Amino acid sequence: MRIEKKLLPQKDLIQPHYFRNLTALFITISLIFSLMIVAAMYYSEKSRDEKVAKANAAASLQARQQKYENFIASKLSLVRTLGTNSRVKDFLINKSKTEQDNLNCLFSVLVSQDPDINQLRLIGKDGNELIRVDKADSKSEPFIVAENDMQNKSGRYYFTESVSKAEGSVYISDIDLNIEHNKIEIPHKPMLRIGIPVFINGKAEGVVVINYFMQTFLENLTRSISYNIYLLDGDKRVIFSGDAQAHNWSNVFRKNDRFDIEKFNNVIKLSDGNILGIVIKTHIRTAGELLGSIIIIAISAVILSLIAAYIMSRLPLKLFKKIELQHKIITNNSISDSKSEILSSIAHRWRQPLNEIGLIIQILDELKEEKKETEEDVKELHSLILNRIHYLSNIIDIFALDKKLSVKEDFKLVHETRETMKDMKALLNSSGISINLKCQCANKYHFCSLEDFGEYCNEGKDIISGYKEDFKQVISSIILNARDAILEMQSETKNIMIDITTDEKWFFIAISNTGSQINDAYIDRIFEPYFTTKDEGKGTGLGLYMTKRIIEQQFNGSVTVANRPNGVVFSIAMARKQGASV
């Protein structure tokens, strides 16, 4: 009898009339709600007037205009600087071999630093190319064009326009296709040319011309799902468009074709005389499509209402208990994930020093077997082991006291890079690996050895804000990966180069090596967690993953990797501390 009394309330919950009432309620509410949604969808699309559509299109077009103008503006400073450069003027006056070599070196560095540059040239007042550095594409290395391969450009419009400009004035060309030896290059290479005359004693003695790759920029500028974007020249001929039906490069191949700009919903004239236009391709639903939507939504609403009513009529209490249980499971999983992340972070910080200690012990064994060990080598490697053990001990102390593993602070980028390299010097030297360093300090770009690193660099102007130990961990991780790649390659040339450059806002660190290249099939996955190209047991796949996380999350920067003809290069960009001078 007691059991029957306890079951009576549960039987009431599944009585047929309770189910019918819930079913009727849910179906009524869901149908009303569904009809409201369909009506709102219909009237929202039907009542969208031309003014609203044009406003949206205008906003999109203005954003693209700003992108276009910013791109052009960003490319003007370099050509203006070269137009007044003393080395350029000295060469035009003397044309000595030394000055020619200096300009070739300067132009090569400038081309390598900007992926958009295709050509950087100095042209004499007679139209003959005097200095020319080319690049096949944005990922290629620049190369100096031999004198017998240079051309006369006196008949090209960009030369005549540039040389006739007033002193200090810049010429910006139309966007067209590149021409070499009087023929349009195949495949097509869209180009923008920016030129400036070089004046000496009041006369134009030459022209600096920079060619910029434009294919990727034009594709990004005109890409859109909702609109067709067109870039026209001043004569209304199509330069480039995201519309598959448009005749791109009408300004080159169909000079008599004119686009009817009345078709544009919005149009903007750009500062260089080109025209940016937009056509809306928004789809408005037909009555048949809307009727189909109504039927589908209504059927779905009835089915879902029946299911919901059945569940709610039978399991109202159990449902809430399941929700509560699920919440506890999610909470416990979240706590477990948090602990795992902390332990993973500590394990990563231990793994690198432990690997270094293992390598040092292996080096000591090899030196002993080969009877090449010296007291100086042993002391240096012994000191490095003690340094790494002290670092591991600090990690234990920090974790035991529940402190943060790193403290954000201002530190000197050049100094900490040098200190990291000093720590690793014995490891690299024992493997026969040399280190070349190149940096830009006080507006000077020079090579230096590891010992001279601090002497030549003004360390007071390289302040960066962040986590110093994590930064050193990044440098160490990349260098150790470079060491492994070089040893795997077994090449006679064993070299690691650190290249540090800067501008007003950013530091750029390029760490390249002459080791084995990364397989193209794996290079896009190199920063994924637990992904490694090393043999089983020789890598965890966490070093480069943590490197990317540190640079992006703690320094608001970026890190990329690319193959080059004789090895691999890792490129890091990090923001300068606000207020620090260059």
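On a predicted model such as this, the values are computed, not experimentally measured, just so you know.

Attention now moves to the pairing of strand E13 (residues 275-280). The buried count for E13 comes to five of six residues, which makes it a mostly enclosed element. Sheet topology places strand E10 (residues 227-232) next to E13; six bridges connect them, and they run antiparallel. The residue bridging Ile229 from the neighbouring strand is Ile278, located in E13. Alignment of strand E12 (residues 266-269) against E13, held across four bridges, turns out to be antiparallel. Counterpart to Ile268 in the pairing with E13 is Leu276. Between E12 and E13, which follow one another and run antiparallel, lie five residues, and Gly273 among them has a positive phi close to 95 degrees.

Moving on, we get to the packing of aromatic side chains. Aromatic ring pairs: the centre-centre distance and the angle between the two ring planes describe each pair. Applying the stated criterion to the full structure yields 12 aromatic pairs. Geometrically, the ring pair formed by Phe71 and Phe217 is stacked, given 4.2 Å between the ring centres and 25 degrees between the ring planes. Taken as a pair, Phe71 in helix H3 (residues 50-74) and Phe217 in helix H8 (residues 215-222) lie far apart in primary sequence, 146 residues in all. For Phe217, a relative accessible area of 11% puts it in the buried group.

The strand order across the open sheet formed by four strands is E11-E10-E13-E12, and the pairing between neighbours is antiparallel. At either end of the open sheet lies a strand with only one pairing partner, and these are strand E11 (238-241) and E12. In this sheet, adjacent strand axes meet at a mean angle of 20 degrees when their direction is disregarded. In this fold H8 packs onto E10, E11 and E13, with an angle of close to 70 degrees to the strand it touches most, E11.

Quick look at the packing of helix H5 (residues 86-94) against helix H6 (residues 97-113) now. Interaxial distance between H5 and H6 falls to 9 Å at its minimum, and their mutual angle equals 145 degrees. Every pair of crossing elements has a handedness; the one defined by H5 and H6 is left-handed. When H5 is examined against H6, the residues Arg87, Val88, Asp90, Phe91 and Asn94 are found in contact with a partner set consisting of Glu99, Gln100, Asn102 and Leu103.

Calculation notes
- Per chain, residue numbering runs from 1 following the sequence as it is written.
- Confidence filtering applies because this is a predicted model: local features only for residues at pLDDT of at least 70, side-chain atom pairs given and counted only at 80 or more, and all residues used for totals across whole chains, interfaces and linings.
- As a convention, hydrogens and water are excluded, and side-chain values are obtained from all of the structure's heavy atoms.
- Exposed residues in this analysis have more than 50% of their type's maximum accessible area, buried residues have under 20%, and partly exposed residues fall in between, with area computed by a 1.4 Å probe over protein chains only.
- Helix and strand labels come from DSSP, where a helix needs a run of H or I of at least four residues and a strand needs a run of E of at least two; each type is numbered from the N terminus.
- The criterion for strand pairing is that DSSP finds at least two bridges linking the strands in question.
- Two rings from Phe, Tyr or Trp (for Trp, the six-membered ring) form a pair when their centres sit within 6.5 Å of each other. Planes less than 30 degrees apart are called stacked, planes more than 60 degrees apart edge-to-face, and all others tilted.
- Working convention: axes come from line fits to C-alpha atoms, limited for helices to the stretch in contact. Angles between N-to-C directions cover 0 to 180 degrees.
- The contact rule is simple, with two residues in contact once any of their heavy atoms fall within 4.5 Å.
- Crossing handedness follows the turn of the near helix against the far one: under a right angle anticlockwise gives a left-handed crossing, and clockwise gives a right-handed one.

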